[in-house]
Amino acid sequence: DLSEKTIRRYEKEKKAFSRNVSARIVDFAKVIVTGKEVFEDETLFNEWMQTSCIAFGGKKPNELLSNSEGVQMLLDELERIEWGVYA
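We now turn to the structure provided with this report. Here the structure is a predicted model, which means the values were calculated and not measured.

Structural notes on the packing of helix H2 (residues 19-39) against helix H4 (residues 68-82)
- Packing of H2 against H4 leaves a shortest axis separation of 10 Å and a crossing angle of 15°. If you check the angle between H2 and H4, you find them roughly parallel. Like other packed secondary-structure pairs, H2 and H4 cross with a definite hand, here left-handed. Residue-level inspection shows Asp27, Lys30, Val31, Thr34, Gly35, Val38 and Phe39 of H2 in contact with H4, the latter providing Ser68, Val71, Leu74, Leu75, Leu78, Ile81 and Glu82.
- In terms of residue class, the contact of H2 with H4 is made up of eight nonpolar, three polar and three charged.

Structure below.
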């Protein structure tokens, strides 16, 4: 629920993000950093994020970014991929 337009508005108004929004931004950043490290290629990571995955019941990884449970599922799956345990 955090659009690019909202981020730009906060930036323009030099307004601080709420605690919840800040936590979401940090979660999102963790997924991006971890994904880039695991895949060692931003393009491959982006493709993975947009491809349906059996481990997520056929959902695309980017569909799980809307809540903290989904973010944790992504981080767990990225860790499994890093260790060669594909689900």
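Considerations on the pattern of salt bridges
- All chains considered together, the criterion is met by three salt bridges.
- Here glutamate 4 ties to arginine 8 by a salt bridge, and the two come within 2.4 Å at their closest N and O atoms. Residue glutamate 4 and its partner arginine 8 are located together in helix H1 (residues 4-12), separated by four residues, close to a single helical turn.
- Here glutamate 42 makes a salt bridge to lysine 36, at a shortest N to O gap of 3.8 Å.
- We classify glutamate 42 as partly exposed; its relative accessible area is 47%.

A word on the nonpolar core
- If you look at the biggest cluster of nonpolar residues, it comprises 15 residues, and the most contacted ones within it are Val31, Phe39, Trp48, Met49 and Leu74.
- Here this core gets five residues from one element, more than from any other, and that element is H4.
- In this view, leucine 74 contacts Val31, Trp48, Met49, Phe56, Pro61, Leu64 and Leu65; residues no more than four positions away in its chain are not counted.

A look at the layout of surface pockets
- Put simply, the largest pocket is a space of about 150 Å³.
- Elements that contribute at least two residues to the lining of the largest pocket include exactly H2 and H4.
- At five residues, H2 tops the list of elements feeding residues into the lining of the largest pocket.
- The class makeup of the residues in the lining of the largest pocket is five nonpolar, three polar and three charged.

Concerning the environment of phenylalanine 56
- Secondary-structure assignment places phenylalanine 56 in the loop between helix H3 (42-49) and H4.
- Each C-alpha atom of the pair phenylalanine 56 and glycine 70 lies 9.3 Å from the other, and the pair is 14 residues apart in sequence.
- Excluding residues within four positions of it along the chain, phenylalanine 56 makes contact with Trp48, Pro61, Leu64, Met73, Leu74 and Glu77.

So, unusual backbone geometry
- Phi angles above zero are rare outside glycine, and lysine 14 is one such case at about 50°.
- Its place among the elements puts lysine 14 in the loop between H1 and H2.
- Residue classification places lysine 14 among the exposed residues on the basis of a relative accessible area of 75%.
- One non-glycine residue, glutamate 40, lies in the positive phi region at around 55°.
- Counting through the fold element by element, glutamate 40 comes out in the loop between H2 and H3.

Analysis parameters
- Residues numbered from 1 in each chain as written.
- Predicted model: local features only at pLDDT ≥ 70, side-chain atom pairs only at ≥ 80, totals over all residues.
- Heavy atoms only, no water.
- Axes fitted to C-alpha atoms, helices over the stretch in contact; angles between N-to-C directions.
- Helix = DSSP H or I, 4+ residues; strand = E, 2+ residues; numbered from the N terminus.
- Parallel < 35°, antiparallel > 145°, perpendicular 65-115°, else oblique.
- Left-handed = near helix turned anticlockwise from the far one by under 90°.
- Contact = heavy atoms within 4.5 Å.
- Nonpolar A, V, L, I, M, F, W, Y, C, P; charged D, E, K, R; others polar.
- Salt bridge = Lys/Arg side-chain N within 4 Å of Asp/Glu carboxyl O.
- Buried < 20%, exposed > 50% of the residue type's maximum accessible area, 1.4 Å probe, protein only.
- Core = buried A, V, L, I, M, F, W, Y, C linked by side-chain atoms within 4.5 Å.
- 1 Å grid on protein atoms, 1.4 Å probe; cavity = no way out; pocket = protein on both sides within 12 Å on 5 of 7 lines; lining within 4 Å.
- Points joined across faces, edges and corners; volume = space filled by probe spheres on them.

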